[in-house]
Amino acid sequence: MASERKLLEGAEQHMEPGEQIVSNVPGTYETKIMGTDSVRSGLLIATDRRVVFYAKKLTGYDIESFPYTSISSIDQGKNMMGHKVTFYASGNKVDVKWITDLEKLQRFMDSAKSHIHARTAAKPALQPPPTPTEAPDVMAQIRSLGELRDAGVLTDQEFAAKKAELLGRI
């Protein structure tokens, strides 16, 4: 495996303009390559925008990027071979294992978790469900619209569009 400094220098070339590396930890990434299980030793990086795994190989490099918006959860664990990080991003399970530097692992986890939590806290709140008194009001409005349609004031298309809008509220 290339030195951690060399890996970090290689990864920096693939950062977006203005993107800042916050923390990193060396480890081994489990993935499938052409349908075959494979492992790549490299660097797991937390930036201010995403999690990146960067690995150098004989003929180039591998890089996989996971924006914080696509990461649903992140966990860590330990077994006989060392510590590991597991996260789920866009339906994929990502495992980085054989991590031995606990201090760097903790900095990485703190950084990644804070960015993931900040993302979820920034989501707009869902609108509360309508109160029970709103549903009868919507039904009364639809009845009134039906009367207007029957009187020729509204076309069938106008009635259908407004009815769909009102039913979408309940």
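A brief look at the structure comes next.

Cut-offs and rules
Residues numbered from 1 in each chain as written. Predicted model: local features only at pLDDT ≥ 70, side-chain atom pairs only at ≥ 80, totals over all residues. Heavy atoms only, no water. Helix = DSSP H or I, 4+ residues; strand = E, 2+ residues; numbered from the N terminus. Contact = heavy atoms within 4.5 Å. Areas by Shrake-Rupley, 256 points an atom, 1.4 Å probe, with all protein chains shown as cover. Polar contact = N/O pair within 3.5 Å; in protein donor to acceptor, adjacent residues only side chain to side chain. Salt bridge = Lys/Arg side-chain N within 4 Å of Asp/Glu carboxyl O. Buried < 20%, exposed > 50% of the residue type's maximum accessible area, 1.4 Å probe, protein only.

## Some thoughts on the overall build of the protein
For the protein, the count of helices and strands is four helices and seven strands. Tracing the protein from N to C terminus, the helices and strands come up as α-β-β-β-β-β-β-β-α-α-α. Pairs at least 24 apart in sequence give 46% of the contacts found in the protein among residues at least 6 apart. Surface accessibility of the protein: about 10700 Å² in total, with carbon and sulfur atoms responsible for 55%.

## Section: the side chain of Asp 95
Mapped onto the elements of the fold, Asp 95 is located in strand β7 (residues 92-99). Among the polar contacts made by the side chain of Asp 95, one reaches the side chain of Thr 86 at a distance of 2.6 Å. Residue contacts for Asp 95: discarding those within four places in its chain leaves Thr 28, Tyr 29, Glu 30, Lys 84, Val 85 and Thr 86.

## Description of the pattern of salt bridges
Applying the stated criterion across every chain, the model contains eleven salt bridges. The residue Glu 9 makes a salt bridge to Arg 5 at a minimum N-O spacing of 2.9 Å. Taken together, the positions of Glu 9 and Arg 5, both in helix α1 (residues 4-12) and four residues apart, correspond to about one turn of that helix. For Glu 9, a relative accessible area of 35% gives the class partly exposed. Residue classification places Arg 5 among the exposed residues on the basis of a relative accessible area of 53%.

## Here we look at the environment of Leu 43
Its place among the elements puts Leu 43 in strand β2 (residues 36-47). Since its relative accessible area comes to 0%, Leu 43 is described here as buried. Remark: the alpha-carbon pair of Leu 43 and Ala 11, spanning 32 residues in sequence, is separated by 8.5 Å. Ignoring sequence-local partners within four residues, the contact set of Leu 43 consists of Glu 4, Leu 7, Leu 8, Asn 24, Val 25, Pro 26, Val 52, Phe 53 and Tyr 54.

## Digging into the environment of Gly 42
Following the sequence through the fold, Gly 42 ends up in strand β2. Note: C-alpha distance between Gly 42 and Pro 26 (16 residues apart in sequence) is 5.7 Å.

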